[in-house]
Amino acid sequence: MSKMEKEEDVEQASLNFIPCLAWIRRGVAKLNPEKVELTKEELEALIGKTKGDLAELDEEDKEENEEDKEEMDEGETGDNDDAEKIDEKVDSNMDEDAKIAAEYGLDDYDDDDDNVLMGIESLTVFSDEKQDPYVTKPEDEDSEEEDDFNLLPTDNLIAVGHVEGDAAILEIYVYNAEEAHLYVHHETFLPALPLCMEWLDFNPSETKPGNYLAVGSMSPIIEVWDVDIVGSLEPEFCLGKKKSRKKNIPGVGHKDAVLSISWNNRVRNLLASGSADHTTMLWDMNNQVVASTLPHPEKVQSLQFHPFEIQTLLTGCCDQQVRVYDCRSESFKSWTVEGEVERVLWDHFNPYCFLASTEAGHVYYMDARNDEKPLWQLNAHTKSCTGLALSSQCPGCLVTASQDKNFKVWDIQSGKPNFICEHDFKIGGIYVATACPDAPFAFCMGGDNRSENFKVWDIRQSAAVLDRFERRQLVQPLIQTCPSEPPATTNQS
């Protein structure tokens with residue numbers, strides 16, 4: 001192993017960060033979540049399917065390698081003698097490997113029926129662990145675990161995308177603001193590094209609203225998981241399909257990593273996704289097809305449907321442009337900011353206005369009816385402003401977070417930003433910060449500190465915050481729709 005390869009392995013092993021988070025409202029999760037318990041036959045089928053998927057990926061890699069070889073210049077055939085010597089060495093090594101395989105019966109190893117489950121079936125001998133004489137768990141511990149597993153109507157859930165080493169994990173936390181509880185309820189391994197998450201209640205195979213989480217990752221495929229199922233090994237459904245040249249199957253959806261997702265809660269089967277392939281796609285989840293594609297000149301880092309206007313979509317791009325689309329005609333208005341756009345956010349208390357943060361640490365507040373200058377600009381951080389959130393119920397309460405490791409609270413109700421407080425929670429550079437939909441002063445954030453990288457904070461613990469917002473009337477976001485006509489558009493996509 002080369003020195004560079006060793007350094008890469010060490011760097012991979014030291015990875016420990018949280019790139020994305022999503023709150024789940026109270027009352028939408030099942031109070032008694034379902035547990036998946038696989039039978040031996042189901043486990044065998046799953047292992048077989050996994051082997052088949054891996055074999056298919058290997059075939060696709062071989063196809064790509066063969067195509068790369070065909071594209072090489074066939075005229076460059078020098079050093080044939082050296083090549084023949086290398087082939088002779090490879091043949092001799094293969095002969096040695098063949099001897100070892102014959103001596104120890106390695107060729108027949110996978111044919112042994114006892115190895116079908118790789119020893120997994122021997123892990124559980126008793127159907128009820130209480131029958132196992134070697135298990136001496138107190139009965140009180142069982143009741144405590146049951147209490148932690150069952151949820152309360154006042155519980156919020158927090159979906160956390162956690163990357164640790166080469167593992168990508170979806171962790172579901174329970175947060176109860178009234179009882180000050182915070183713990184991991186269950187977790188699921190993801191096939192690719194997660195980059196964005198969005199809660200939704202829609203599944204095309206179900207007639208009733210449910211509790212689902214759409215996950216965008218380094219893969220171009222969007223996976224939708226059922227949060228109410230503990231131990232699930234596969235998503236409920238996927239949006240997108242990779243292209244297969246061997247099977248002559250065309251690709252569907254994105255061709256690169258999915259960087260942002262937004263669900264339209266007014267048209268429940270509609271989902272928007274922004275990608276590193278320079279497109280925003282509108283998905284019809286009923287049929288799991290792309291309904292429309294909005295091309296961009298650069299990566300689409302962030303997007304959000306308008307909270308009340310079903311046809312209006314806000315996007316932030318790496319070309320330093322913020323755009324407001326009318327999805328019916330694919331026309332848009334655009335604004336230029338300083339630096340690549342990190343986050344965009346509609347102001348649900350002032351629905352004609354929105355915010356955008358950039359890699360330069362700036363925050364902009366703009367009126368969608370005015371395509372000129374922003375209403376105000378704030379130099380909030382010294383590095384990328386990667387966290388941007390408004391309180392769900394306290395008008396004017398804005399929080400920002402950054403790769404400079406600081407979390408800040410601002411009051412923007414007066415028409416200009418006023419600094420309230422800042423804090424370094426020692427979670428490293430912050431990648432994301434989001435607001436609780438039910439507790440107006442609770443926010444969570446994720447960073448890259450290996451020892452601690454997740455934090456939930458009630459900002460009223462700051463005396464300055466309590467003094468500023470304690471007497472401010474809490475209100476629910478506007479429930480009336482805005483005027484039916486969207487902001488006038490001046491550009492065409």
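The structure displayed is predicted, hence computed values, not measured ones.

Could you clarify how one ought to interpret the sheet that holds strand β23 (residues 385–390) in this entry?
Neighbouring strands of a sheet are bound in pairs by backbone hydrogen bonds; such pairs are parallel or else antiparallel. Reading across the sheet, the four strands line up as β23-β24-β25-β26 and stay open at both edges, with antiparallel pairing between neighbours. The open sheet has two edge strands with one neighbour each: β23 and β26 (418–423). Direction aside, neighbouring strands of the sheet carry axes that sit 20° apart on average. Note that strand β24 (residues 397–402) and strand β25 (residues 407–411) share five bridges and pair antiparallel. Its bridge partner lying in β25, V399 is registered against V409.

Which parts of the structure should I look at to understand the confidence of the model for the chain?
Low pLDDT marks regions whose predicted coordinates should not be analysed in detail. In this model, the chain carries an average pLDDT of 83, and 72% of its residues clear a pLDDT of 70 or more. The model gives residues 2–7 a pLDDT under 50, and that stretch makes one contact with residues more than four places away or in other chains. For the stretch residues 479–493, pLDDT sits under 50, and the model shows 35 contacts to residues farther than four places along the chain or on other chains.

I would appreciate a short explanation of the sheet that holds strand β27 (residues 432–435) in the present structure.
Read from one edge of the open sheet, three strands run β27-β28-β29, paired in antiparallel fashion. The sheet terminates laterally at β27 and β29 (454–458), the two strands that pair on one side only. Sheet twist, expressed as the mean angle between neighbouring strand axes with direction ignored, is 20°. One ladder, built from four bridges, connects β27 with strand β28 (residues 442–446); its direction is antiparallel. Bridging across to β28, V432 finds its partner in G446.

In this structure, what is going on with unusual backbone geometry? I would like to understand it.
Across residues other than glycine, the phi torsion is negative in most instances, and most of the peptide bonds are trans. Backbone geometry at E330 places phi at a positive 60°, although glycine is not the residue there. Within the secondary structure layout, E330 lies in the loop between β17 (321–326) and β18 (331–336). The exposure class of E330 is partly exposed, given its relative accessible area of 29%. If you check the backbone angles, K405 has positive phi at about 80° while not being a glycine. Looking at the element boundaries, K405 is found in the loop between β24 and β25. Under the relative-accessibility criterion, K405 is labelled partly exposed at 42%.

Would you mind going over the pairing of strand β13 (residues 279–284) with me for this structure?
Regular strands have side chains that alternate between both faces of the sheet. For β13, a buried count of six out of six residues is recorded, marking the element as mostly surrounded by other parts of the structure. Here β13 shows no split at all, with T279, M281 and W283 on one side and T280, L282 and D284 on the other all buried. Relative to β13, strand β12 (residues 270–275) is paired through five bridges, and the arrangement is antiparallel. Bridge pairing links S273 to M281 in β13. The antiparallel pairing of β12 with β13 creates a hairpin that spans three residues between the two strands, and H278 there sits at a positive phi of about 70°. Sheet analysis places β13 next to strand β14 (residues 289–295), joined by six bridges and oriented antiparallel. By the bridge assignment, T279 is partnered in β14 with P295. Where β13 folds back onto β14 in an antiparallel hairpin, the turn is made up of four residues, including Q288, whose phi is positive at roughly 55°.

What's the story with the packing of aromatic side chains in this structure? I'm lost.
The description of an aromatic ring pair uses the distance of the two centres, along with the angle that the planes make with each other. This structure, assessed with the given rule, holds 13 aromatic pairs. Counting every residue linked through ring pairs, the aromatic cluster contains F407, F425, F443 and W457. Here the basic side chain of K35 rests over the ring of F149, its NZ or CZ set 4.5 Å away from the ring centre. Of note, R369 hangs over the ring of Y352, and the distance from its end group to the ring centre comes to 4.0 Å.

Whenever I open this one, the nonpolar core confuses me. Can you help?
Side chains of nonpolar character tend, in soluble globular proteins, to be buried together. Ranked by size, the top nonpolar core spans 34 residues in total, and within it L157, M197, L213 and M285 carry the most contacts. Setting aside its immediate chain neighbours within four residues, L213 contacts A22, A159, L170, M197, E198, W199, L200, E223, V224, W225 and V227. Membership of the second largest hydrophobic core comes to 20 residues, among which are A389, A401, C421 and A433.

Thresholds applied
- Residues numbered from 1 in each chain as written.
- Predicted model: local features only at pLDDT ≥ 70, side-chain atom pairs only at ≥ 80, totals over all residues.
- Heavy atoms only, no water.
- Pairing = 2+ DSSP bridges.
- Helix = DSSP H or I, 4+ residues; strand = E, 2+ residues; numbered from the N terminus.
- Axes fitted to C-alpha atoms, helices over the stretch in contact; angles between N-to-C directions.
- pLDDT = per-residue confidence, 0-100.
- Contact = heavy atoms within 4.5 Å.
- Buried < 20%, exposed > 50% of the residue type's maximum accessible area, 1.4 Å probe, protein only.
- Phe/Tyr/Trp six-rings, centres within 6.5 Å; stacked < 30°, edge-to-face > 60°.
- Lys NZ or Arg CZ within 6 Å of the ring centre and 35° of its normal.
- Core = buried A, V, L, I, M, F, W, Y, C linked by side-chain atoms within 4.5 Å.

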